[in-house]
Amino acid sequence: MRERPRLHVVGAGVAGLAAALAAARAGAQVSLYEGAPQAGGRCRTVSPPGGFSHDNGTHALLGANPRALALLEAVGARESWIEPEPAGLPVYDAATGRLATVGLHPLDWLRSSLRPEGLGLADLPRLARLALPIGDRPIGALFAGRPLLESFVEPLTVAVLNTPVEIASARRLGRALRRVARPGGARLYVAESGLGPDLVAPALATLERLGARAATGARLRGVEGQGERLTALAFADRTVPLGPSDGVVLALPPAEIGRLFPALAVPEDYEPIVNAHFRVAGPERPRFVGLRGALSHWALARRDHVSVTVSAAGASVSDDPESLAARIWEEVAPALRAAGVAIGERGEARVVKEKRATIRQAAGPDFPRPRAPYRNLRFAGDWLSLLPATIEAAVISGEEAARDLLGRGAPRAASAPTLDPVRSARGSAP
Ligand SMILES: Cc1cc2nc3c(=O)[nH]c(=O)nc-3n(C[C@H](O)[C@H](O)[C@H](O)COP(=O)(O)OP(=O)(O)OC[C@H]3O[C@@H](n4cnc5c(N)ncnc54)[C@H](O)[C@@H]3O)c2cc1C
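Residues numbered from 1 in each chain as written. Predicted model: local features only at pLDDT ≥ 70, side-chain atom pairs only at ≥ 80, totals over all residues. Heavy atoms only, no water.

## Here's the deal with empty space enclosed by the protein
Item 1. Counted under the stated rule, the structure contains one cavity of 30 Å³ or more.
Item 2. Reported here for the largest cavity is a volume of approximately 40 Å³.
Item 3. In terms of lining, the largest cavity is formed by Val-14, Leu-61, Ala-68, Leu-71, Leu-72, Trp-81, Leu-199, Ile-391 and Val-395.
Item 4. If you list the elements that add at least two residues to the lining of the largest cavity, you get α2 (66-74) and α10 (391-406).
Item 5. Tallying contributions element by element places α2 first for the lining of the largest cavity, with three residues. (1 Å grid on protein atoms, 1.4 Å probe; cavity = no way out; pocket = protein on both sides within 12 Å on 5 of 7 lines; lining within 4 Å. Points joined across faces, edges and corners; volume = space filled by probe spheres on them. Helix = DSSP H or I, 4+ residues; strand = E, 2+ residues; numbered from the N terminus.)

## With respect to the pairing of strand β1 (residues 6-10)
Item 1. Most of β1 sits out of view: five of its five residues are buried.
Item 2. With burial as the criterion, each face of β1 is covered, one bearing Arg-6, His-8 and Val-10 and the other bearing Leu-7 and Val-9.
Item 3. Alignment of β1 against strand β2 (residues 29-33), held across five bridges, turns out to be parallel. Along β2, the bridge assignment pairs Arg-6 with Gln-29.
Item 4. Taken together, β1, helix α1 (residues 14-25) and β2 constitute a β-α-β crossover, and its handedness is right-handed.
Item 5. Bridge count for β1 against strand β14 (residues 247-250) is four bridges, and the pairing is parallel. In the sheet register, His-8 faces β14, and the bridge partner there is Val-248. (Buried < 20%, exposed > 50% of the residue type's maximum accessible area, 1.4 Å probe, protein only. Pairing = 2+ DSSP bridges. Right-handed = clockwise from strand over helix to strand, strands pointing away.)

## What about the pattern of salt bridges?
Any two side chains of opposite charge can pair, on the condition that their charged atoms come close.
Item 1. Per the counting criterion, the structure on display carries 25 salt bridges.
Item 2. The shortest N-O distance in the salt bridge between Glu-117 and Arg-292 comes to 3.3 Å. In this pair, Glu-117 is assigned in the loop between β8 (98-102) and α3 (123-131) and Arg-292 in strand β16 (residues 287-292), connecting sequence segments 175 residues apart.
Item 3. Residues Asp-123 and Arg-146 are paired through a salt bridge, measuring 2.8 Å at the closest nitrogen-oxygen approach. In this pair, Asp-123 sits in helix α3 while Arg-146 sits in the loop between α4 (139-142) and α5 (147-161), placing the two residues 23 residues apart along the sequence.
Item 4. Judged by its relative accessible area of 22%, Arg-146 is partly exposed.
Item 5. Counted as one network, the salt bridges with shared partners bring together Asp-93, Arg-98, Glu-117, Glu-150 and Arg-292. (Salt bridge = Lys/Arg side-chain N within 4 Å of Asp/Glu carboxyl O.)

Following this line, the structure appears as structure tokens:
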């Protein structure tokens, strides 16, 4: 009987989980290796001993993220992602203390109650220019002098691209907006309990059911290759030899790919995100509130805590955590109250600084995707997509890398080897 092909996936962030799931569902034997003590990467729930659990961010998905939603469906977690604000996004203006409700779909704006403040006729050609697949320019320049820039375009830009609006790429945002404009594309979803229970744990459980093996604390130190093939993965505590038909997906951030393959050019500029998390009695169902005219951009209130995001946080990432938490709470508490979100007294605060939250997504030519230097190797990660660097991009890249190696209708299948269904080398499991 012919053996199933084997795929080694290094990095158990969303891209690695997606690659492992795609391969396992296609019948491959899968070994998944994660360097950190837990899977999830930049999508994780943090549970310190004696403290309260919270995600690293206030991650949200849109209806415009079909591959991410399909992954959730495939691992039985789709129902756990709920719409916190189905009637429109509450947005609090910290300067005036006013609360508005903003529709995320352009058709919503036909109703004045859901229209972003400052939207005028002169904005329509600019919005159309943003959504059309034409040459790139910074988003800020496109909307210079328009009130809509501050009220809607800037918050949207930092939410989607995590890059200051003055330099952010209109073309990359446009790619996302064309998807948002599709029916259902503007619906906003969050994990009801958190990224760990509603994404990472169900993905790992599904992998286990499919016979995949996963190891945490397995940091890839280096790789060995011969000719056109990668022949071994060198982890901190062991070397995993690769069989002649084994494939490898490195689902790692650009800096790691650059370290492992110094000859490859990878993106070197990142943007930080700062998150503050407050232990506080919150609503039964999650609520999501936007802020303008404040350091804070979004607040996600859950049953026992509130998480707040400051995107494109270059100006505040070096600030002292205590003063950051104090300032953020001062902004967010009135915003939540204005939106009718019942919250109790503020308890413990925790600040999570992700210095390399995403690559910088500035206007200019798209960074050329580095080509893996071995025939049995592919790269995956949110940074490899032409879409904004998000969960959706990570899922797409992971699934495509796995399918490409396994030879199933993938873009680079012509040059990629089809894995011979031959038994993999001894000791290749994590
Ligand atoms: C605070 C924050 C908020 C965000 N909000 C949103 C949002 O609302 N919506 C959205 O769609 N996206 C959001 N994102 C972006 C989203 O989290 C990322 O796009 C996605 O998680 C990237 O997944 P990835 O697998 O490509 O990379 P990563 O998550 O970085 O995964 C790489 C994995 O490789 C591991 N690794 C690294 N080096 C090694 C090694 N040498 N050996 C073994 N393992 C290694 C890492 O530990 C990590 O687990 C947010 C990101 C942050 C940081």
